[in-house]
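Here is what each chain is made of, one letter per residue.
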Amino acid sequence: MMKIITIGNQKGGVAKTTTTMNLGVALQELGKKVLLIDLDPQASLSVYLNHNLNDKYTIDRLIDEFINDEVKNVEKYIKTSENDKIDYIPSKARLSALEKEMDTRYSREFILKEILENEYFKKYEYILIDTCPSLNILLTNALTCSTDIIIPVQSQFFTMDSLNLMLETITKIKKYVNSNLNILGILPTMVDNTNMSKEVIEYLKENYANKLLDTHISRLVEASESTAFKISLVKMNKRLGKQYTELANEILRKSH
Ligand code: ADP
Ligand code: MG
């Protein structure tokens, strides 16, 4: 059965994009067929994947075609990254202009879900969706089509407000549009030896024990090196790469 996993948190800078890329590559290395979708108008995942930004077959155009009832061939929207050899659908800034158009459409929450029902996507076992740091129609679309969500939480600051907001959003999504949405887990990221980091982990253990993932991601500068080189931490064989492989194994255990 296909798993569609949203990597979501309304807060920016919590490692959503880093997690989407590296969990995706790690799952692929473990033999799974994986597709990444960049659903953030900032397109940082596309940049990380070394996408050619002049390419016109981006997610906004696919959504546009879908709204206008004229999607003929989804295949041309699927790219394969040169460095990590992973399949993805890129994004671009124009996606943010499309929000208004999506907002006024009937069944607006279901646009991405309907797109992904295309036969072509059946070959993937895992689809990972990178989302933007706001609660908008794009995030709602991601959550509506997803079987699961992973919520990265940056362990550097006290970010519990954003976590609670995300959990409230999930409750609403489950109530109104996607009762099957499963919280795969809360993922602590940028964990280090500071007291702040320890306090955040303690707080998560006390309050969300059953949702907290076993894998924690450390704070290491290699993360930004990986982004700069446009190669995943997994492929670069970095310490964080190993942690994301651990995470992939945990996800495989939990989703079967
Ligand atoms: P988001 O998509 O949630 O905005 P990003 O994945 O873009 O977050 O990460 C935000 C910043 O933090 C980036 O500069 C990234 O390189 C850095 N970063 C991500 N993960 C780590 C980590 N484990 N350790 C240190 N820096 C990290
Ligand atoms: Mg991002």
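Our subject is the structure that appears above.
Residues numbered from 1 in each chain as written. Chains lettered and ligands numbered in written order. Predicted model: local features only at pLDDT ≥ 70, side-chain atom pairs only at ≥ 80, totals over all residues. Heavy atoms only, no water.

Caption draft 1: Structural detail: the overall build of the protein chain. In terms of helices and strands, the protein chain carries 10 helices and seven strands. Over its C-alpha trace the protein chain gives a radius of gyration of 17 Å, about what one expects of a compact globule, namely 18 Å for 256 residues. Scored against the burial criterion, the 256 residues of the protein chain give a buried share of 55%. The contacts of the protein chain with a sequence gap of at least 6 include a subset with a gap of at least 24, amounting to 79%. With 33 positive and 34 negative side-chain charges, the protein chain shows a separation of 2 Å between the mean positions of the two kinds. (Helix = DSSP H or I, 4+ residues; strand = E, 2+ residues; numbered from the N terminus. Rg over C-alpha atoms; globule rule 2.2 N^0.38 Å. Buried < 20%, exposed > 50% of the residue type's maximum accessible area, 1.4 Å probe, protein only. Contact = heavy atoms within 4.5 Å. Lys, Arg positive; Asp, Glu negative; His and termini not counted. Charge placed at Lys NZ, Arg CZ, Asp CG, Glu CD.)

Caption draft 2: Inspection of the site of ligand 1 at higher detail. Neighbouring ligand 1 are 16 residues, the closest being Gly-13, Lys-16, Thr-17, Thr-18 and Ser-218. Thr-17 is positioned with one of its side-chain polar atoms (N or O) 2.8 Å from an oxygen atom of ligand 1. Within the side chain of Thr-18, one N or O atom sits 2.6 Å away from an oxygen atom of ligand 1. Starting from 560 Å² of accessible surface for ligand 1 in isolation, the protein chains cover 75%. Among the secondary structure elements, those contributing two or more residues to the shell around ligand 1 are α1 (16–29) and α9 (222–229). In the shell around ligand 1, the residues fall into seven nonpolar, seven polar and two charged. (Near = heavy atom within 4 Å. Polar contact = N/O pair within 3.5 Å; in protein donor to acceptor, adjacent residues only side chain to side chain. Areas by Shrake-Rupley, 256 points an atom, 1.4 Å probe, with all protein chains shown as cover. Nonpolar A, V, L, I, M, F, W, Y, C, P; charged D, E, K, R; others polar.)

Caption draft 3: Just the sheet that holds strand β6 (residues 148–154), in detail. Pairing is mixed across the open sheet formed by seven strands, whose spatial order is β3-β4-β2-β5-β1-β6-β7. Each edge of the open sheet is held by one strand with a lone partner, namely β3 (79–80) and β7 (182–189). Summarising the sheet, β3 and strand β4 (residues 87–89) pair through two bridges and their orientation is antiparallel. Among the inter-strand pairings, Lys-79 is bridged to a residue of β4, identified as Tyr-88. (Pairing = 2+ DSSP bridges.)

Caption draft 4: A look at the side chain of Thr-169. Among the structural elements, Thr-169 can be located in helix α7 (residues 160–176). Taking relative accessible area as the criterion, Thr-169 reaches 7% and is therefore assigned buried. Residues in contact with Thr-169, not counting those within four places in the same chain, are Gln-10, Leu-135 and Leu-143.

Caption draft 5: Quick look at helix α6 (residues 137–145). In terms of residue burial, α6 counts as a mostly covered element, since nine of its nine residues are buried. Every buried residue of α6 is listed here: Ile-137, Leu-138, Leu-139, Thr-140, Asn-141, Ala-142, Leu-143, Thr-144 and Cys-145. Buried residues along α6 sit in contact with β1 (3–7), α4 (95–103), α5 (111–116), β5 (126–130), β6 and α7. Where α6 starts, the residue carrying a side-chain oxygen 3.1 Å from the main-chain nitrogen of Leu-138 turns out to be Asn-136.

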